[in-house]
Amino acid sequence: MSKIDKKPPWKLRAADFSKSKAHAPQDWRFQMFFEYLRISPSYNLASECKNEAEFIKALGDKEKARKVWKTYQDIGNVYGIFYRDWWLKNGLRLFGTQTAKPITKTVLRLSHAKDNKSNIQNLIQYIETDYAKQGEPDSLLVSIPLGQKRVKIMKQLKLLLDEAYKEPIYEPKTIYQLTKNKMQYRRLLGGLRLAYFQCYKPKDALWRVALRAKISHSHGKLDPDSKTKDRTLNSSKKVLTFMASRLMTDTLLIAENAAQGNFPSVNETSVKTFDTVHLGQKIKKNNAWEKTQKANFSALNMGVSFE
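Residues numbered from 1 in each chain as written. Predicted model: local features only at pLDDT ≥ 70, side-chain atom pairs only at ≥ 80, totals over all residues. Heavy atoms only, no water.

Trainee: Just give me the short version of unusual backbone geometry, but keep the residues and values in it.
Mentor: When glycine is set aside, most residues are seen to have a negative phi, and most peptide bonds are trans. Of note, the amide linkage connecting Phe-263 to Pro-264 takes the cis form, showing an omega dihedral of -10°. In this structure, Pro-264 sits in the loop between α11 (234–259) and α12 (276–300). A positive phi is found at Glu-136, a non-glycine position, where the angle reads about 50°. Structurally, the position occupied by Glu-136 is in the loop between α7 (130–133) and α8 (150–164). Owing to a relative accessible area of 49%, Glu-136 belongs among the partly exposed residues under this scheme. The phi dihedral of Lys-214 is positive, around 55°, even though this residue is not glycine. Mapped onto the elements, Lys-214 comes out in the loop between α10 (206–213) and α11. (Helix = DSSP H or I, 4+ residues; strand = E, 2+ residues; numbered from the N terminus. Buried < 20%, exposed > 50% of the residue type's maximum accessible area, 1.4 Å probe, protein only.)

Trainee: Describe the side chain of Thr-251, listing the residues and the values that go with them.
Mentor: Along the chain, the position of Thr-251 falls in helix α11. Within the structure, the side chain of Thr-251 is placed 2.7 Å from the backbone oxygen of Leu-247, a separation counted as a polar contact. Excluding residues within four positions of it along the chain, Thr-251 makes contact with Tyr-36, Ile-39, Gly-191 and Phe-274. (Polar contact = N/O pair within 3.5 Å; in protein donor to acceptor, adjacent residues only side chain to side chain. Contact = heavy atoms within 4.5 Å.)

The following block contains the structure:
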């Protein structure tokens with residue numbers, strides 16, 4: 001009996017991370033990379049240029065322009081497309097390993113009641129098919145006598161794994177790799193929210209934008225739309241302004257590094273400031289497009305069935 005997938009068509013599914021010839025870990029940073037490209041000034045500039053030469057001239061930084069242009073050619077347009085559609089079209093190919101997903105499975109079952117010599121051919125077949133399709137990952141072939149108690153078997157397996165992991169494990173390279181650091185989801189999301197709310201009201205003071213973006217819990221009790229002047233709140237406003245300014249600087253750096261294929265990173269790089277008016281127009285247009293697409297999907301009221 002077929003099941004009904006109740007998720008909207010634009011929502012990513014666990015199955016989207018693993019296809020017959022590619023797989024990737026379920027990492028939230030992939031979508032953050034996509035979202036930061038949307039706010040990158042240089043990436044948006046690249047999307048508006050016809051060729052690399054035009055982009056180099058427009059950006060004014062030849063070395064950076066070549067990196068950004070390559071990223072744009074690989075990643076493609078990030079506006080007018082749902083993240084899930086982009087992931088299935090380009091994301092899995094760029095961030096995933098181009099093999100079948102390795103799985104733990106029983107390869108052979110030996111028995112005193114069978115002629116085990118025939119298993120040699122079965123082992124060869126496994127190595128030439130499933131193992132090859134998985135990219136020949138570092139693996140263990142382990143003999144587990146089933147007559148033992150499970151607790152004892154599990155202890156022995158743990159010891160074998162502990163010993164195996166002392167040796168370097170081969171990790172296949174992907175076309176794009178996420179930067180290994182401790183940058184947290186909350187910080188990245190806060191930067192995105194800050195950029196979006198500043199585009200929403202570009203003339204507002206930074207402390208008001210910070211309040212709308214909710215980047216601080218301890219200083220977030222002010223009213224961002226308040227027109228009254230209260231000197232007792234000046235201290236909180238100054239702190240919020242400082243926090244927002246610092247976060248906006250980091251957000252711009254992260255976006256510009258993402259445009260060069262390096263994410264998440266705050267490495268120093270030449271940057272162009274956010275054109276909040278232009279970016280706001282792109283965001284507004286994209287939001288309208290998404291709203292229309294979602295309305296069309298809802299009007300169809302169709303569930304996606306799968307076996």
